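Residue-level structural notes
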Amino acid sequence: MSLTIYNKKRDFKKTSEPSGKIKKSSSKKLIYVIQKHAATRLHYDLRLEMNGVLVSWAVPKEPPKTKGIKRLAVMTEDHPIGYEKFKGTIPKGEYGAGKVEIWDKGFYELKIKDEKKIEFFIHGKKLHGLYVLVKTNFGNKPGKSWLFFKI
Ligand code: MN
């Protein structure tokens, strides 16, 4: 868990995103959020609180509300706790320039976690139920590519 890449990519004099420090959230419930991010390409950023950061995946298509739809989820840099509240516009020329909206939020319960699989119960508004992230060789970023779907 590290926020070095997160901090390196951003100029906090220019973007209103929070700067990164590892910390535990005050709640006992683990943070779950999906932010809709209209960057160069529209995508959905899935973030799950783990060990003092928000572990993050970029999902290029709308996350599935029902079973039977599998989405590619590309792991991106860890984000700081607090980022789940961020919405607004990242200015032109900055990393991730474009509008960020909170698409869904709530908490999650971790069920299984190993190198290749994370199974978790999402308590959100748009997404609710048991979901899984499974590591895959699919996509153009091997090692970072996962599949995200409801089970
Ligand atoms: Mn993003």
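Just so you know, these numbers come straight off a predicted model, no measurement behind them. (Residues numbered from 1 in each chain as written. Predicted model: local features only at pLDDT ≥ 70, side-chain atom pairs only at ≥ 80, totals over all residues. Heavy atoms only, no water.)

Notes on the overall build of the protein chain
Looking only at helices and strands, the protein chain has one helix and nine strands in total. Helices and strands in the protein chain line up, N terminus first, as α-β-β-β-β-β-β-β-β-β. Relative to the globule expectation of 15 Å for 151 residues, the C-alpha radius of gyration of the protein chain, 15 Å, shows essentially globular dimensions. The dimensions of the protein chain, computed from C-alpha atoms along their principal axes, are 40 × 35 × 30 Å. Contacts in the protein chain between residues at least 24 apart in sequence constitute 47% of all its contacts with a sequence separation of at least 6. (Helix = DSSP H or I, 4+ residues; strand = E, 2+ residues; numbered from the N terminus. Rg over C-alpha atoms; globule rule 2.2 N^0.38 Å. Contact = heavy atoms within 4.5 Å.)

Topic: the coordination of the manganese ion
On the protein side, the manganese ion has His37 (ND1), His43 (NE2) and Asp45 (OD) as donor atoms, found 2.2 to 2.3 Å from it. Along the chain, the residues that donate to the manganese ion are spaced as H-x5-H-x1-D. The residues His43 and Asp45 share a single accessibility class, namely buried. (Donors = N, O, S within 2.8 Å, 3.2 Å for Na, K, Ca; no water. Buried < 20%, exposed > 50% of the residue type's maximum accessible area, 1.4 Å probe, protein only.)

Side note on unusual backbone geometry
Leaving glycine aside, a negative phi is the common case for residues, and trans is the common case for peptide bonds. Look at Asn51: it is not a glycine, yet its phi comes out positive at around 50°. Looking at the element boundaries, Asn51 is found in the loop between strand 2 (42–50) and strand 3 (53–59). The exposure class assigned to Asn51 is exposed, which follows from its relative accessible area of 58%.

Quick look at the layout of surface pockets
Volume-wise, the largest pocket comes out at about 680 Å³. Every residue lining the largest pocket is counted, 26 residues in all, and those nearest its centre are His43, Ala58, Val74, Thr76 and Lys141. Where the lining of the largest pocket is concerned, the elements lending two or more residues are strand 2 and strand 4 (71–80). When residues of the lining of the largest pocket are assigned to their parent elements, the largest contribution, six residues, is made by strand 4. Within the lining of the largest pocket, the residues separate by chemical class into 10 nonpolar, seven polar and nine charged. If you add up the space inside the second largest pocket, you get close to 390 Å³. Forming the walls of the second largest pocket are 20 residues, and the residues nearest its centre are Met1, Val55, Met75, Thr76 and Asp78. Taken together, the elements giving at least two residues each to the lining of the second largest pocket come down to helix 1 (4–8), strand 3 and strand 4. Top contributing element to the lining of the second largest pocket by residue count: strand 4, with four residues. (1 Å grid on protein atoms, 1.4 Å probe; cavity = no way out; pocket = protein on both sides within 12 Å on 5 of 7 lines; lining within 4 Å. Points joined across faces, edges and corners; volume = space filled by probe spheres on them. Nonpolar A, V, L, I, M, F, W, Y, C, P; charged D, E, K, R; others polar.)

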